[in-house]
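One-letter residues, chain by chain:
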Amino acid sequence: MGNAYETLVFYNPPGSEEVLGPALATSWESSEDGLTWTFHLRKGVKFHDGTDFNAEAVEYSVERTIDLGLGAAFIWDAVEEVNVIDDYTVEFKLKYAAPLDLVAASGYGEGRPITNSSSRA
């Protein structure tokens with residue numbers, strides 16, 4: 001699945017200075033209360049059919065996943081609404097404070113734990 005789908009951010013390898021790195025989002029920030037997250041998207045990305053990747057695509061994908069309620073839909077439970085700010089900025093309003101950057105790094109809901117390599121089995 002990782003070869004077909006890309007996340008907004010990704011987990012860096014264990015031992016990296018930062019836990020997360022940019023993927024389809026180049027940067028992101030949250031409000032102080034953790035209820036609003038804003039992701040700034042990478043420009044020039046295309047889907048396999050040549051369609052541009054943009055904020056509307058993120059909004060559609062997340063809302064569709066939530067509406068279907070299947071598979072990894074549970075990872076988006078905190079999301080109350082998704083707003084397109086402009087072509088390359090998407091805002092998430094949450095029902096409760098949650099680490100949406102970690103959620104956005106979770107491809108198809110595998111929920112990677114944050115550990116160091118010595119604690120892996």
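Higher on the page you've got the structure.
What you see is a predicted model; the values in this text were computed from it and never measured.

## Focus: the packing of aromatic side chains
For any pair of aromatic rings, the description consists of the separation of the ring centres together with the inter-plane angle of the planes.
Thought 1: Summed over all chains, the structure comprises five aromatic pairs.
Thought 2: Taken together, a centroid distance of 6.3 Å and an interplanar angle of 20° make the contact between tryptophan 37 and phenylalanine 39 stacked. Judged on exposure class, the residue tryptophan 37 and its partner phenylalanine 39 are both buried.
Thought 3: Taking the centre distance of 5.9 Å and the plane angle of 10° together, the rings of tryptophan 76 and phenylalanine 92 count as stacked. Placement of tryptophan 76 in the loop between helix H1 (55-68) and strand S5 (79-86) and of phenylalanine 92 in strand S6 (residues 89-94) is noted, with a sequence separation of 16 residues between them.
Thought 4: Residue classification places phenylalanine 92 among the buried positions, given a relative accessible area of 0%.
Thought 5: Three or more aromatic residues joined by ring pairs make a cluster, and in this case those are Trp28, Trp37, Phe39, Trp76 and Phe92.

## Digging into the nonpolar core
Thought 1: Counting 27 residues, the largest nonpolar core has Leu8, Phe39, Leu41, Trp76, Phe92 and Leu100 as the members making the most contacts within it.
Thought 2: If you tally residues by element for this core, the top one is H1, at four residues.
Thought 3: Ignoring sequence-local partners within four residues, the contact set of leucine 8 consists of Pro22, Ala23, Leu24, Ala25, Phe39, Leu41, Phe53, Val58, Phe92 and Ala104.

## What about the sheet that holds S5?
Thought 1: Taken in spatial order, the four strands line up as S3-S4-S6-S5 in an open sheet, and their pairing is antiparallel. Either end of the sheet is taken by a strand with one partner, and the two such strands are strand S3 (25-30) and S5. Taken pair by pair, the neighbouring strands of this sheet meet at an average axis angle of 20°, ignoring direction.
Thought 2: As defined by bridge partners, S5 adjoins S6 across six bridges and the pair is classed as antiparallel. Pairing of valine 79 across the sheet is with leucine 94, part of S6.
Thought 3: Strands strand S4 (36-41), S5 and S6 of the sheet are contacted by H1, whose axis makes an angle of about 165° with S5.

## Some thoughts on a negative patch on the surface
Thought 1: Among the surface-exposed residues, Glu63, Asp67, Glu80 and Glu81 lie close enough to one another that they form a single negatively charged patch.
Thought 2: Of all the elements in the fold, those that place two or more residues in the negative patch are H1 and S5.
Thought 3: Checked against the element boundaries, glutamate 80 lands in strand S5.

## Overview of the side chain of threonine 7
Thought 1: As for its placement among the helices and strands, threonine 7 is situated in the segment before strand S1 (9-11).
Thought 2: Among the polar contacts listed, one links the side chain of threonine 7 to the backbone oxygen of valine 9, at a separation of 2.4 Å.

## Focus: the environment of lysine 46
Thought 1: Residue placement: lysine 46 occurs in the loop between S4 and H1.
Thought 2: Judged by relative accessible area, lysine 46 falls into the exposed class, the value being 52%.
Thought 3: A polar side-chain atom of lysine 46 sits 2.5 Å from a polar atom in the side chain of aspartate 52.

What counts and what doesn't
Residues numbered from 1 in each chain as written. Predicted model: local features only at pLDDT ≥ 70, side-chain atom pairs only at ≥ 80, totals over all residues. Heavy atoms only, no water. Phe/Tyr/Trp six-rings, centres within 6.5 Å; stacked < 30°, edge-to-face > 60°. Buried < 20%, exposed > 50% of the residue type's maximum accessible area, 1.4 Å probe, protein only. Helix = DSSP H or I, 4+ residues; strand = E, 2+ residues; numbered from the N terminus. Core = buried A, V, L, I, M, F, W, Y, C linked by side-chain atoms within 4.5 Å. Contact = heavy atoms within 4.5 Å. Pairing = 2+ DSSP bridges. Axes fitted to C-alpha atoms, helices over the stretch in contact; angles between N-to-C directions. Patch = residues over 30% accessible without salt bridge, like charges linked within 9 Å, V, L, I, M, F, W, Y side chains within 5 Å. Areas by Shrake-Rupley, 256 points an atom, 1.4 Å probe, with all protein chains shown as cover. Salt bridge = Lys/Arg side-chain N within 4 Å of Asp/Glu carboxyl O. Lys, Arg positive; Asp, Glu negative; His and termini not counted. Charge placed at Lys NZ, Arg CZ, Asp CG, Glu CD. Polar contact = N/O pair within 3.5 Å; in protein donor to acceptor, adjacent residues only side chain to side chain.

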